[in-house]
Amino acid sequence: MDSDAEETRPAGSPAAGVVHSLSERHETLATVESLTGGLLAASIVEIAGVSGIYRGGLVVYATELKSLLADVPEDLLADRGPVDPDVAVALAEGGRHRCGADWGLATTGVAGPEPQDGKPVGLVYVAVAGPSGTEVRQLDLAGGRDHIRSAAVVEALRLLAARIHQTDAAGAAASDSRAAGADGGRTDAAGAGRR
């Protein structure tokens with residue numbers, strides 16, 4: 001990242017770490033938001049240099065738009081409602097597909113002030129879909145509406161950062177394993193005569 005980008009990047013921003021990691025990997029990101037209503041996208045696009053990795057996002061606040069725009073199965077929404085772990089995963093996958101991105105990141109939940117469809121205020125699901133599959137995380141957040149929405153953004157970005165790190169670690173382990181397998185036979189054979 002150039003020095004101008006470093007200077008304008010918010011200190012300690014979880015979005016900055018994600019943008020930097022994806023930029024290094026030459027991979028792209030899309031977002032799909034319900035309860036955060038664009039806050040996730042805004043936190044990402046405030047990072048200098050983001051245009052190289054951020055494809056775009058969907059704000060699907062209304063339940064029917066989750067199906068129409070983000071390809072969440074209608075029967076899933078009808079059976080479970082919009083605040084559900086499988087819906088969160090479908091949102092992430094739908095955004096990834098719709099925007100042609102390597103990674104999709106989604107939020108859904110109840111920010112309050114009232115419960116929704118029997119789901120308590122503070123129940124949030126964040127999900128990521130990427131090259132190595134999907135993951136969803138349930139959050140039980142306390143506080144007011146603004147705090148819940150802000151915390152959901154931070155936790156979504158943390159989940160994405162963790163998945164990127166896991167993908168990197170798995171790639172490194174596979175590379176090490178292949179290298180060990182290629183060299184291991186020769187090393188073991190040579191070592192056996194010296195024991």
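Bear in mind that the values here come from a model prediction, so they are computed numbers and not experimental data. (Residues numbered from 1 in each chain as written. Predicted model: local features only at pLDDT ≥ 70, side-chain atom pairs only at ≥ 80, totals over all residues. Heavy atoms only, no water.)

## With respect to the pattern of salt bridges
So, point 1. With the rule as written, the count across this model stands at eight salt bridges.
So, point 2. Here Arg-158 makes a salt bridge to Glu-155, at a shortest N to O gap of 2.8 Å. Highlighted residues: Arg-158 and Glu-155, both in helix 7 (residues 145-192), separated by three residues, approximately one helical turn.
So, point 3. The exposure class assigned to Glu-155 is buried, which follows from its relative accessible area of 19%.
So, point 4. Residues joined in a network through salt bridges with shared partners are Arg-25, Glu-27 and Asp-168. (Salt bridge = Lys/Arg side-chain N within 4 Å of Asp/Glu carboxyl O. Helix = DSSP H or I, 4+ residues; strand = E, 2+ residues; numbered from the N terminus. Buried < 20%, exposed > 50% of the residue type's maximum accessible area, 1.4 Å probe, protein only.)

## A few points about the sheet that holds strand 3 (residues 103-109)
So, point 1. If you trace the five strands from one edge of the open sheet to the other, you get 2-1-3-4-5, paired in mixed fashion. Edge positions in the sheet fall to strand 2 (54-59) and strand 5 (133-140), since each of these pairs with one other strand and no more. Along the sheet, successive strands turn relative to each other by an average axial angle of 15°, direction set aside.
So, point 2. Sheet topology places strand 4 (residues 123-130) next to strand 5; eight bridges connect them, and they run antiparallel. Residue pairing across strands places Val-124 opposite Leu-139, the latter belonging to strand 5. (Pairing = 2+ DSSP bridges. Axes fitted to C-alpha atoms, helices over the stretch in contact; angles between N-to-C directions.)

## Here we look at the nonpolar core
So, point 1. With 31 residues, the main nonpolar core has Leu-29, Ile-44, Leu-105, Val-124, Leu-157 and Leu-160 as its most contacted residues.
So, point 2. Mapped by element, the contributors of at least two residues to this core are helix 2 (14-25), helix 3 (39-45), strand 3, strand 4 and helix 7.
So, point 3. The dominant element in this core, judged by the number of residues it contributes, is helix 7, at nine residues.
So, point 4. Discounting residues that sit within four places of it in the chain, Leu-105 has contacts with Leu-29, Ala-30, Thr-31, Val-32, Leu-40, Ala-92, Ala-127, Val-128, Ala-156, Leu-157 and Leu-160.
So, point 5. Counting residues in hydrophobic clusters, the runner-up holds 20 residues, among them Val-83, Ala-92, Leu-123 and Ala-127. (Core = buried A, V, L, I, M, F, W, Y, C linked by side-chain atoms within 4.5 Å. Contact = heavy atoms within 4.5 Å.)

## Let's talk about the pairing of strand 2
So, point 1. Of the strand pairs in this sheet, strand 1 (residues 29-33) and strand 2 are connected by five bridges, and their pairing is parallel. From the neighbouring strand, Leu-29 faces strand 2, where its bridge partner is Tyr-54.

## Focus: the confidence of the model for the protein
Detail in the predicted coordinates should be disregarded across regions flagged by low pLDDT.
So, point 1. Per-residue pLDDT for the protein averages 88, and the proportion of residues at 70 or more is 83%.
So, point 2. Throughout residues 1-11 the model reports pLDDT below 50, and contacts reaching past four residues in sequence, or to other chains, amount to eleven contacts. (pLDDT = per-residue confidence, 0-100.)

## Looking at unusual backbone geometry
So, point 1. A cis amide bond links Gly-112 with the next residue in sequence, Pro-113, at an omega value of 15°.
So, point 2. Within the secondary structure layout, Pro-113 lies in the loop between strand 3 and strand 4.
So, point 3. Look at His-26: it is not a glycine, yet its phi comes out positive at around 60°.
So, point 4. The topology assignment puts His-26 in the loop between helix 2 and strand 1.
So, point 5. Judged by relative accessible area, His-26 falls into the exposed class, the value being 73%.

## Notes on the pairing of strand 1
So, point 1. Taken across its five residues, strand 1 has five buried, putting it largely inside the fold.
So, point 2. Of the two faces of strand 1, the one holding Leu-29, Thr-31 and Glu-33 and the one holding Ala-30 and Val-32 are both buried throughout.
So, point 3. This β-α-β element, strand 1 to helix 3 to strand 2, shows right-handed connectivity.
So, point 4. Bridging between strand 1 and strand 3 involves five bridges; their strand directions are parallel. (Right-handed = clockwise from strand over helix to strand, strands pointing away.)

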